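Single-letter residue listing:
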Amino acid sequence: MNMKLAINNKELTDCFFEDCRLAGIMAPIKDYQFCWNINNMLGFDFRLNNEIEIQLNKKSRNYFFAVYEFHEPTGSLSHFLYNNHFEGEYLLPEFRHLDFLWLMKGDMVSDKTLHELLNSIRTINGIQLVVELTNEKIRNKEHLVF
């Protein structure tokens, strides 16, 4: 008997996004400048992680979306900053106006904590918009799974 195993991408994606919070940020600056500002102004230590860079293949071309990460020293909460565009393509095409996506996972993030973080991000020069993105609004969630 020959059995084929298939990966259930929807289940995988749902599992990845369990207990996640996601923010979208409009800031027309380079990703390394954005991370430098976040690290210096808000006390994070985001670092580029090439191992979890997102690669999409569209129209016979490869597109690479940088992912920066920071793990809180206390607890199990991890933060990931995704660049939402690369050479005219978008990681989440439904949010073309957003430059960055900030994903928090690994531990519960309360509404209060999330709103305090979003308000802190808004104080940084060059930030034009900061919004929470709820799971229902994201059509291409699987693009964020690494």
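This section reports on the structure supplied with the text. (Residues numbered from 1 in each chain as written. Predicted model: local features only at pLDDT ≥ 70, side-chain atom pairs only at ≥ 80, totals over all residues. Heavy atoms only, no water.)

Side note on the nonpolar core
Next, step 1: Core analysis: the largest hydrophobic core is formed by 24 residues, its most contacted members being I25, F34, I38, F46, W102, I121 and I127.
Next, step 2: Among the elements of the structure, β1 (21-26), α2 (31-42), β5 (67-71), β9 (100-105) and α3 (111-122) are those that each provide at least two residues to this core.
Next, step 3: Among the elements that take part in this core, α3 stands out by supplying 4 residues, more than any other.
Next, step 4: Look past the residues within four positions of I38 in its chain and what remains in contact with it is G43, F44, F46, W102, I121 and I124.
Next, step 5: Ranked by size, the runner-up nonpolar core spans 19 residues in total, among them I54, L56, F65 and L133. (Core = buried A, V, L, I, M, F, W, Y, C linked by side-chain atoms within 4.5 Å. Buried < 20%, exposed > 50% of the residue type's maximum accessible area, 1.4 Å probe, protein only. Helix = DSSP H or I, 4+ residues; strand = E, 2+ residues; numbered from the N terminus. Contact = heavy atoms within 4.5 Å.)

Quick notes on the pattern of salt bridges
Between side chains of opposite charge, a pair can form when the charged atoms approach closely.
Next, step 1: Under the criterion given, the structure shown has 5 salt bridges.
Next, step 2: The salt bridge partner of E132 is R21, with a shortest N-O separation of 3.0 Å. Here the residue E132 occupies a position in strand β10 (residues 129-133), and R21 occupies one in strand β1, the gap between them amounting to 111 residues.
Next, step 3: Judged by its relative accessible area of 14%, R21 falls in the buried class.
Next, step 4: Here E87 and R61 are joined by a salt bridge, their closest N and O atoms 2.4 Å apart. Within this pair, whereas E87 is found in the loop between β7 (85-86) and β8 (89-90), its partner R61 is found in strand β4 (residues 61-65), the two being separated by 26 residues in sequence.
Next, step 5: On the basis of relative accessibility, which here comes to 52%, the residue E87 falls in the exposed class.
Next, step 6: Of the residues examined, R61 reaches a relative accessible area of 36% and is grouped as partly exposed.
Next, step 7: The network of salt bridges with shared partners includes R21, D111 and E132. (Salt bridge = Lys/Arg side-chain N within 4 Å of Asp/Glu carboxyl O.)

Interpretation note: all reported values are geometric properties and have no functional meaning in isolation.
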